[in-house]
Amino acid sequence: MQEKYPFHEIEPQWQARWEADGTFACDTADARKKFYCLTMFPYPSGSMHVGHGRNYIMGDVLTRYKMMNGYNVLSPMGWDAFGLPAENAAKKYHVHPREWTLKNIQQMKRQIRSWGIGYDWRREIATCHPEYYRWTQWVFLKAHELGLAYQKMAPVNWCPLCTNLANEEVTSEGRCDRCGQVVEKKNINQWFFKITQYADRLLEDMNQLDQWPEKVRQMQANWIGKSQGAQIAFRITETCDACPVFTTRPDTIFGVTFVAIAPDHPLLHKLLAHSPNREQLEAFIQKQAGIPASERTADTTKKEGVFTGFHVTNPFNGDTKAELWVTNYVLMDYGTGIVMAVPAHDQRDFDFAKMYDLPVKVVIQNADYSLNAGTLKEAYVDAGTLVHSGPFDRMANTAAIPAMIAHGAKEGFAQPQTTFRIRDWNVARQRYWGAPIPIVHCPDCGAVPVPEDQLPVLLPDDIDFASDQGNPLAHHEGFINTTCPRCNKPAQRETDTLAQWLCSCWYFLRYVDPRNTQQAFDSKLTNQWLPVDQYIGGVEHAVLHLLYSRFVVKILHDAGVCNFTEPFKALFTQGMICKRGEKDGKVGLYKMSKSVGNTVSPDHLIENYGADTVRLYTLFIGPPELDAEWQDAGIQGPCRFLNRLWKRMYDAREFLPKTDEPFVHAQLTAPERALNRKLHETIVNVTASIENGFRFNTAIAHLMELLNALDQTTIDANSTANARAMLRQLFSVLLRLLAPITPHIAEDLWAHLGNTTSVMKAAWPVADNDALKPESVEIILQVNGKVRGKLEVPPNATKEELEAFALANANVQAHLNGQPPKKIIAVPNRLVNVVV
């Protein structure tokens, strides 16, 4: 054993040993209790920084911990390998997306291994491999068979270089966030999945997700956005055009003073030609088209609008004077894209009305009837009594809602309705680097699915990535021209590819059976191993990836290929690691990013400090669910801890027993008993920290406290054999507790203890209840209920013994003034109160 901690030598050796021994190879036929531990697989963008490592390291700790607790653990890894960045790289660097992607995979795989993270690499997948995307195409066909895949014309944000963009990929200046070109709205024919058909099920089945963070569940509920209310038939006063409004608050309908319409609403464009404010409207519409919906509707965004020149008739009271405004805060995707505005009882409408000097009308009064439209400082949104509401006056507003809907339905201008904020999922992308959509367009047969036995529809390799041609597949005649699977006549392939999201929404199923060439997976195996027992990943995927994955599993359940309806039993969303950097001229704490210039390479740190030190600091940096600040100097503490541990075992190497030997706790000295008690307290605390919320930082703190206690206790060659046997057990337990966190040093020191098998084969330690028992407890001494001192007594001392201890105390005697006590109240292990 070397005196100095040789991390350079031991870490590669143990990584090679784990690989050779198949330490993390999972036999799915093993009869032990299964545990499927999964971290979200990465996009292969190139080199990783330490921020990327947080979730992989946490997943590795849990994997190792569960293995030491006797579970048959499945822990696989793969690559979310399709997507636009690879295609843009092809255009920029004149390299094929496959070559760029596979090169990045090799680099990132090397880095993941250098952290000492254990995966069953036999199960490795990459979504860009034909043997994988063949089955992504099969998932599409299953959705198509169930009538869930369809085509329709829809507007998209169109970049001539990057093609179809999400709203979040468009800058506030209306340019592509990736290449900087001007983005325009363009109507194109696209493929959609009917996720709206599953909206209720997605909401209801969240009852199964009690091991998910409540924040994530709420984010999904908000994204689905179920609203119950009524659709009301307003009309344009001047033209009689239908102007339907959906509202969840029909109780406020007599307070409507204006109506707001989305900038991209078809009705607005119909009215535009006859508007006296046409130029203003066109300028406003064009401005809003370049702003992402999330930014337009944010609470911090200034509410803006333009009067259309038209008015709206309210069918409930016949009022024809409510002005129709186009505003930035109404979205075409919610309800009907038209909102009735009630400034007195909606804060957003109130702010807008005050800005543009629009009327405010109170129709719900508070308990003392003190609300006045002229003096309102903010909208009144609480419950109350209806006023100025015709036949509904004096009704409680909540009770009036069903009555108003029933009245409107009877009169023919309202109907109850449930709406959802969620919209059908656009699964088509006008790009090359994605799974081709398995559809053939035939002049006679229409859109024909490619038969399953003809999958995969392969991407052609001979692609010209000219910078100005958009989707290269649309210009590849060899790919496009084919024959119809039904009639054998000439036809054309669909040139859109599937969104990267779809490829990553079922990968957890493929891991269970990754080399199956006959089917996407063996249903018997997936039914055995799914749902995933623990899923770990960033909260930024809380909605789209997780929601789409839940949806895809429901499709496959309905297609009869799996018997479960939710993919992930438990979910943990780790916080980001941030570091100081400069963004937009401002120095601050930001998420690690190349653009901010604040990334930290793990390669440099592993070279200088070792992987275990990097792991230890990454886990110790703070509560794992919260963002944490990376400080370069912070790694010194974990480095010193591991060096101290190594040195302490080096110093003890000559006098430690060569094998585990029994010892008697009662025959240890008081300091030795205290150290042994601390050891077993640490077992309890570390186990609880891992089991209850991934509190790895507190687990490490307990381990550091144990090493501190060891440093403060003298056990050496002159100590008794009993004490030296206890010390060997302490090292044995400490190394097992450290093994999931810092596996390389734990393995090496475990071997130096004389063990011939991996520490991963050792059982997780269990605390000895006898050793946990304290030698004394502190009780409070009171006289007439006032604290007069404290006393150390044996645990569970009897009431009689406590009374004797109390009366023998000098401070208690001083407060008795020679009087005999009237009464003594003794509560074992807590207090004694002497009454005089």
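What counts and what doesn't
Residues numbered from 1 in each chain as written. Predicted model: local features only at pLDDT ≥ 70, side-chain atom pairs only at ≥ 80, totals over all residues. Heavy atoms only, no water. Core = buried A, V, L, I, M, F, W, Y, C linked by side-chain atoms within 4.5 Å. Buried < 20%, exposed > 50% of the residue type's maximum accessible area, 1.4 Å probe, protein only. Contact = heavy atoms within 4.5 Å. Pairing = 2+ DSSP bridges. Helix = DSSP H or I, 4+ residues; strand = E, 2+ residues; numbered from the N terminus. Axes fitted to C-alpha atoms, helices over the stretch in contact; angles between N-to-C directions. Polar contact = N/O pair within 3.5 Å; in protein donor to acceptor, adjacent residues only side chain to side chain. Expected span 1.5 Å × (residues − 1). Phe/Tyr/Trp six-rings, centres within 6.5 Å; stacked < 30°, edge-to-face > 60°. Lys NZ or Arg CZ within 6 Å of the ring centre and 35° of its normal. Right-handed = clockwise from strand over helix to strand, strands pointing away. Salt bridge = Lys/Arg side-chain N within 4 Å of Asp/Glu carboxyl O.

So what exactly am I meant to see when it comes to the nonpolar core here?
Where a protein is soluble and globular, its nonpolar side chains tend to be buried together. One finds Y36, F140, F193, W425, Y507 and F508 to be the most contacted residues of the largest nonpolar core, which totals 191 residues. If near-sequence neighbours (up to four positions away) are discounted, W425 is found in contact with W191, F192, F193, I195, W501, L502, C505, Y548, F551 and V552. Residues L267, F310, M340 and L371 belong to the second largest nonpolar core, which totals 56 residues.

Sorry, what's going on with the sheet that holds strand β21 (residues 481-483) here?
Strand order in this open sheet of four strands is β20-β19-β22-β21, and the pairing throughout is antiparallel. Edge positions in the open sheet fall to β20 (446-449) and β21, since each of these has one partner strand only. The mean angle between the axes of side-by-side strands here comes to 45°, regardless of whether they run parallel or antiparallel. Pairing of strand β19 (residues 439-442) with strand β22 (residues 490-493) involves two bridges; the strand directions are antiparallel. Directly across from V440, in β22, lies its bridge partner R493.

What is the right way to read the sheet that holds strand β7 (residues 184-193) from this model?
The strands making up a sheet associate through backbone hydrogen bonding, with each pair oriented either parallel or antiparallel. Taken in spatial order, the four strands line up as β6-β5-β7-β17 in an open sheet, and their pairing is antiparallel. Strands at the two margins of the open sheet, each flanked by one partner only, are β6 (163-165) and β17 (425-426). Pairing geometry for strand β5 (residues 149-159) and β6, over three bridges, is antiparallel. Bridge pairing in β6 links N157 to L165. Across the face of the sheet, helix α5 (residues 130-145) comes into contact with β5 and β7 while running at roughly 80° to β7.

Would you mind showing me how to read the side chain of T526 here?
Residue position: T526 is located in helix α16 (residues 523-529). A distance of 3.0 Å separates a polar side-chain atom of T526 from the backbone oxygen of S523. Not counting chain neighbours up to four residues away, the residues in contact with T526 comprise L509, V512, F521 and F564.

I tried to follow helix α22 (residues 696-711) on my own but got confused; where do I start?
One full turn of an α-helix is made of 3.6 residues, so residues set three or four places apart face in the same direction. For α22, spanning 16 residues, the distance from its first C-alpha to its last is 23 Å, which sits close to the expected 22 Å at 1.5 Å a residue. Among the residues of α22, F696, N697, A699, I700, L703, M704, L706, L707, A709 and L710 are the ones counted as buried. Those residues of α22 hidden inside the fold are in contact with α2 (50-68), α19 (611-620), α20 (636-651), α21 (670-691) and α23 (721-738).

It is not clear to me how the packing of aromatic side chains should be interpreted in this structure. Could you clarify?
The geometry of an aromatic ring pair comes down to the distance between the two centres and the angle between the two planes. In this structure the tally under the stated criterion is 39 aromatic pairs. With 5.6 Å between their ring centres and 85° between their planes, W325 and F352 make a pair best called edge-to-face. With W325 in strand β12 (residues 322-327) and F352 in helix α11 (residues 347-356), the pair connects residues that are 27 residues apart, well separated along the chain. Here W325 matches F352 in class, with each residue buried. Through a chain of ring-to-ring contacts, three or more aromatic side chains come together here, namely F140, W191, F193, Y198, W425, W501, Y548 and F551. Over the face of the ring belonging to W158 we find K186, whose NZ or CZ atom lies 4.2 Å from the ring centre.

Quick question: what am I supposed to make of the pairing of strand β1 (residues 34-39) here?
Each regular strand displays side chains that alternate between the two surfaces of the sheet. Among the six residues in β1, six count as buried, and that is most of the element. One ladder, built from three bridges, connects β1 with strand β2 (residues 72-74); its direction is parallel. What sits directly across from F35, in β2, is V73. Once you follow β1 into α2 and on to β2, the crossover reads as right-handed. With three bridges joining them, β1 and strand β24 (residues 534-538) adopt parallel strand pairing. Bridge pairing in β24 links C37 to Q534.

I'm lost on the pattern of salt bridges in this one. Help?
Two side chains bearing opposite charge may form a pair once their charged atoms approach each other closely. Inspection of every chain in the model, using the stated rule, returns 36 salt bridges. Here R217 and E214 are joined by a salt bridge, their closest N and O atoms 3.0 Å apart. A residue pair is termed a helical-turn pair when its members lie 3 or 4 positions apart in one helix, as R217 and E214 do in helix α7 (residues 214-224) at three residues. K579 is paired through a salt bridge with D632; the nearest N and O atoms lie 3.6 Å apart. Taken together, the residues span a long stretch of sequence, with K579 in strand β26 (residues 577-583) and D632 in the loop between β28 (628-629) and α20 at a distance of 53 residues. Relative accessible area serves as the criterion here: at 17%, K579 is assigned to the buried category.

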